[in-house]
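Given next are the chains, with one letter for each unit.
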Amino acid sequence: MDVRPAEHGGQVHWASRQTGRTLSEILDFSANINPLGPPASVKAALTEALDDIRFYPDSSHYRVKRAVAERYGISVESVLVSNGATEAIDLALRSLHPQRVIILEPAFSEYRAAAHRHHLAWIALPLLRPDFTPPWDLLEDTARSGDLVIWNNPHNPSGGRVVRRDFAARMAELAGRGVSFLIDESFIDFLIDRDDTSALLEALDPNRKVVVVRSLTKFLAIPGLRFGYALAHPATISGIEQFRDRWSVSHLAQEAAIAGLGDEAFAKKTQSWLLQSMQQVRDLWGSVPECQLQPTRVNFFLLRWNDEALSRRLAFHLLQRGVIVRLCEGFLGLGASYWRLAMRSLEENIRLYQAVQEVLKEVRADG
Ligand SMILES: Cc1ncc(COP(=O)(O)O)c(C=O)c1O
């Protein structure tokens, strides 16, 4: 059995084949999916919508765009919906067709993959430690008119975030020089105080080319269905729409998103679980001598093991028990001594911790 150096988390089908367990017997800490979902409202909407899969989906996305627009108090023309955030990222890169893509790393591997697909030159700039914040001075020296900067805020895999007052002026300065931005806010719904983090105001500004991309896939726990969206000035959105497959967002995904966007009770329940989970993570992992915990603002966190061999050994033993973690080998600037762990239910979080403790006990006994 191998600890697969995966490009993505959530390899439950692979883990199921490796371990002979069913999908539901796999405890997946490698994908950052809300453990409370999918919400009952979404499941009910899906059941209701099932009969209508004999029709093509609404290719104008009329109702779901309206639901997104109403939620944020913006115009429908500023909304594009997609088959997961990944499709929105791909479409935005294809349409904006920058001279170079500047990716702030470590980052979601699909940014690079999309740049490759569209034959775009790309460069990586490192986020600044310890908080994984943008290297603004370096960006000002490096970025030229015609470049596109991709930045993920809140940031996967560190769990950090930068508030708007700390990025607005620096972004405006670069945008004024003809640099465009794609801000991936796929985890923003998990923030307790999300309004002061979004670049939505920048995205709606007619004088700048800023696209905000988001995902409902993780928050609603619908990775088998996927739903994402992009928010930008109407002129930018209509440019992106030109290139799209109009039927990529299924009828079921559209109905799930409409129900999920309106489910305030689920959002509140999620926030309350998250607050407890964050405290639990600090209590459990904050004092393990073999690793350091990176402070987080969202539903996953980064651990750094003191020893890469130990990290691999632990991941291997966990996989044998049907537990998967995300080794950060594929992330530029991290490596296999880092794990990214999703927060799951409070009981499951304890199960992971205890499983790690069991293996650590064996390791310590071996000397
Ligand atoms: C930062 C980030 N953006 C986007 C996505 C993709 O979201 P979706 O599944 O909606 O395409 C992911 C998934 O892991 C992600 O981590």
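Look up: the structure comes first, before these words.
The following refers to the structure shown.

Thresholds applied
- Residues numbered from 1 in each chain as written.
- Predicted model: local features only at pLDDT ≥ 70, side-chain atom pairs only at ≥ 80, totals over all residues.
- Near = placed C-beta within 6 Å.
- Helix = DSSP H or I, 4+ residues; strand = E, 2+ residues; numbered from the N terminus.
- Nonpolar A, V, L, I, M, F, W, Y, C, P; charged D, E, K, R; others polar.
- Axes fitted to C-alpha atoms, helices over the stretch in contact; angles between N-to-C directions.
- Left-handed = near helix turned anticlockwise from the far one by under 90°.
- Contact = placed C-beta atoms within 7 Å.
- Pairing = 2+ DSSP bridges.
- Buried ≥ 20, exposed ≤ 12 C-beta atoms within 10 Å, placed from the backbone.
- Arc of directions from axis to C-beta.
- Parallel < 35°, antiparallel > 145°, perpendicular 65-115°, else oblique.

1. Here's the deal with the site of the ligand
Phase 1 of the analysis: Around the ligand, the surrounding shell consists of Gly84, Ala85, Thr86, Phe108, Asn152, Asn156, Asp184, Ser186, Ser215, Thr217, Arg226 and Gly228.
Phase 2 of the analysis: No other element matches helix 4 (residues 84-96), which puts 3 residues into the shell around the ligand.
Phase 3 of the analysis: In the shell around the ligand, the residues fall into 2 nonpolar, 8 polar and 2 charged.

2. Side note on the packing of helix 2 (residues 40-49) against helix 10 (residues 251-261)
Phase 1 of the analysis: Remark: helix 2 packs on helix 10, axes separated minimally by 8 Å, with the N-to-C direction vectors making an angle of 145 degrees. The element helix 2 and its partner helix 10 pack so that their crossing is right-handed. Taking contact as the criterion, the partners of Ser41, Val42, Ala45, Leu46 and Ala49 in helix 2 are, on helix 10, His251, Leu252, Glu255, Ala256, Ile258, Ala259 and Gly260.
Phase 2 of the analysis: Grouping the constituent residues of the contact of helix 2 with helix 10 by class yields 8 nonpolar, 3 polar and 1 charged.

3. Remarks on the sheet that holds strand 13 (residues 335-342)
Phase 1 of the analysis: With antiparallel pairing, 4 strands are arranged side by side in an open sheet as 9-10-13-12. Two strands close off the open sheet at either side, each with one partner strand: strand 9 (291-293) and strand 12 (326-328). Ignoring which end each strand starts from, the neighbouring axes of this sheet average 30 degrees apart.
Phase 2 of the analysis: By the bridge criterion, 3 bridges tie strand 9 to strand 10 (residues 300-305) in an arrangement that is antiparallel.

4. Here's the deal with helix 9 (residues 234-241)
Phase 1 of the analysis: Within the span of helix 9, buried status applies to Thr236, Ile237 and Ile240. One side of helix 9 holds all its buried residues, which, seen down the axis, span an arc of 100 degrees.

5. Digging into the environment of Arg246
Phase 1 of the analysis: Examined against the element boundaries, Arg246 turns out to sit in the loop between helix 9 and helix 10.
Phase 2 of the analysis: Residue Arg246 is classed as exposed on the basis of its 12 C-beta neighbours within 10 Å.
Phase 3 of the analysis: Along the backbone, Arg246 and Lys209 are 37 residues apart, and their C-alpha atoms lie at a distance of 23 Å.

6. Remarks on the packing of helix 11 (residues 264-285) against helix 13 (residues 346-366)
Phase 1 of the analysis: Close contact between helix 11 and helix 13 brings their axes to 10 Å; oriented N to C, the two are set at 15 degrees. With respect to helix 13, the axis of helix 11 lies roughly parallel. As for the relative orientation of helix 11 and helix 13, their crossing is right-handed in sense. Contacts between helix 11 and helix 13 involve Gln276, Ser277, Gln280, Val281 and Leu284 from the first element and Leu346, Asn349 and Tyr353 from the second.
Phase 2 of the analysis: Split by residue class, the contact of helix 11 with helix 13 holds 4 nonpolar, 4 polar and no charged.

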